[in-house]
Amino acid sequence: MRLVLASKSPARRSTLISAGIDPIVLVSDVDEDAVLANLPFGRAFSGGKTTPAMEVTALAQAKCDAVTNMIIQGSPELDQVLPKNEELFVIGCDSMLELEAKMLGKPHSPAVAVQRIRDMRGKIATLWTGHAAALVSTDSTNSQSDTSATKEVGLDAPTNGDATTRKPTRRLLAQTCADAATRVHFGSMSDEEIDAYVATGEPLHVAGSFTIDALGGPFIEGVEGDHHSVVGISLPLVRKMAQDLGVFWPDLWRPQLKAKQEAR
């Protein structure tokens, strides 16, 4: 059993590694703006009925689906990194900051980051993180003639009359989604501190324009809820999602930890 992280976030990867998991990182090319624009109930706080939780979960689901489809379709490059005959637990995440009835993603530019941090200093905001998980089988056994698995992953059925020779080796078994919300207390940063922080480049590519596990940590005075969610992935929530899909959490640990577990 391996965990596949559908995110290029170094913070999410580091969080998993600290928890004993060496994730396989596969990044999707999801157009986040398009996902949000196509929400059936409109954007949160923009006249629509979509909630903040629904927004981040939709983005997480899109990333998880994209990577899951990538795994199922396969490629020579993926075959080099994906294990054989093991199930894969795919997790996608996305975070946004809710501040004074606005949903804030990544600022991308220094000017936006500076203004955003000035607006949220000394205030309390809610960091929403959506999670979407999928369980993918990589069982390559062909024990019976059955085209149902082929249809399940959207591939064409065999045309040579022998279903067993063309049965897909990867298929979606189950999926689930969930969200986490953590209230973040921001310190009263001076203009000089804000300028110095933005100049490092760190806030430009993270949700809400801040981090809690790196240079932004000293400016966060407290959190209410799971602090892992502020990093971008709620470990307790992901464990619960894994359980819902029938995954035993220690099975995701790196081999050295599993060896110690089995030795007992």
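Residues numbered from 1 in each chain as written. Predicted model: local features only at pLDDT ≥ 70, side-chain atom pairs only at ≥ 80, totals over all residues. Heavy atoms only, no water.

S.K.: Any chance you could explain the packing of helix α5 (residues 110–120) against helix α8 (residues 191–199) here in plain terms?
M.R.: Packed helices, taken two at a time, are described by the angle between their axes plus the distance between the axes. At their nearest, the axes of α5 and α8 sit 10 Å apart, and the two run at 145 degrees to each other. Relative to α8, α5 is oriented so that their crossing is right-handed. Side by side, α5 and α8 meet where P110, A113, V114, I117 and R118 of the first sit next to D191, I194, D195, Y197 and V198 of the second. Taken together, the residues of the contact of α5 with α8 break down into seven nonpolar, no polar and three charged. (Axes fitted to C-alpha atoms, helices over the stretch in contact; angles between N-to-C directions. Helix = DSSP H or I, 4+ residues; strand = E, 2+ residues; numbered from the N terminus. Left-handed = near helix turned anticlockwise from the far one by under 90°. Contact = heavy atoms within 4.5 Å. Nonpolar A, V, L, I, M, F, W, Y, C, P; charged D, E, K, R; others polar.)

S.K.: Honestly, the pairing of strand β3 (residues 88–98) in this entry has me stumped. Any pointers?
M.R.: Where burial is concerned, most of β3 is hidden: 10 out of the 11 residues are buried. Strand direction decides the pairing type here: strand β1 (residues 2–5) and β3, joined by four bridges, are parallel. Looking at the pairing, L3 lines up with F89 of β3. By the bridge criterion, 11 bridges tie β3 to strand β5 (residues 124–137) in an arrangement that is antiparallel. (Buried < 20%, exposed > 50% of the residue type's maximum accessible area, 1.4 Å probe, protein only. Pairing = 2+ DSSP bridges.)

S.K.: Got a minute to help me understand the nonpolar core in this structure?
M.R.: Grouped burial of nonpolar side chains is what soluble globular proteins tend to show. If you look at the biggest cluster of nonpolar residues, it comprises 22 residues, and the most contacted ones within it are L3, L16, F89, I91, V247 and L252. If you list the elements that add at least two residues to this core, you get β1, β3, β5, β6 (171–186) and α10 (235–244). Take this core: its biggest share by element is five residues, from α10. Excluding its chain neighbours within four sequence positions, the residues that come into contact with L252 are M1, R2, L3, G20, I21, F89 and V247. Counting 20 residues, the second largest nonpolar core, distinct from the first, contains L99, L127, V184 and I194. (Core = buried A, V, L, I, M, F, W, Y, C linked by side-chain atoms within 4.5 Å.)

S.K.: Is there a simple way to explain the packing of aromatic side chains in this structure?
M.R.: Here a ring pair, both rings aromatic, is described through the centre-centre distance and the interplanar angle of the planes. Taken as a whole and judged by the stated rule, the model has two aromatic pairs. For the ring pair F186 and F210, a centre distance of 4.9 Å and an interplane angle of 90 degrees mean the geometry is edge-to-face. Linking F186 in strand β6 with F210 in the loop between α8 and β7 (220–224), this pair joins segments that are 24 residues apart in sequence. The pair formed by F186 and F210 is uniform in burial state, with each residue classed as buried. (Phe/Tyr/Trp six-rings, centres within 6.5 Å; stacked < 30°, edge-to-face > 60°.)

S.K.: In this structure, what is going on with the environment of V230? I would like to understand it.
M.R.: Residue position: V230 is located in helix α9 (residues 227–231). Relative accessible area serves as the criterion here: at 10%, V230 is assigned to the buried category. On a C-alpha basis, the gap between V230 and R183 in space is 8.9 Å, while along the polypeptide they are 47 residues apart. Every residue in contact with V230, bar those within four places of it in the chain, is listed here: L127, T182, V184, F210, I212 and V223.

S.K.: When you look at the environment of L88 in this model, what are you seeing that I'm missing?
M.R.: Within the fold, L88 resides in strand β3. Taking the C-alpha atoms as reference, L88 lies 5.7 Å from M1; in sequence the two are 87 residues apart. Look past the residues within four positions of L88 in its chain and what remains in contact with it is M1, R2, V4, I71, L82, P83, A134, L135, V136 and T138.

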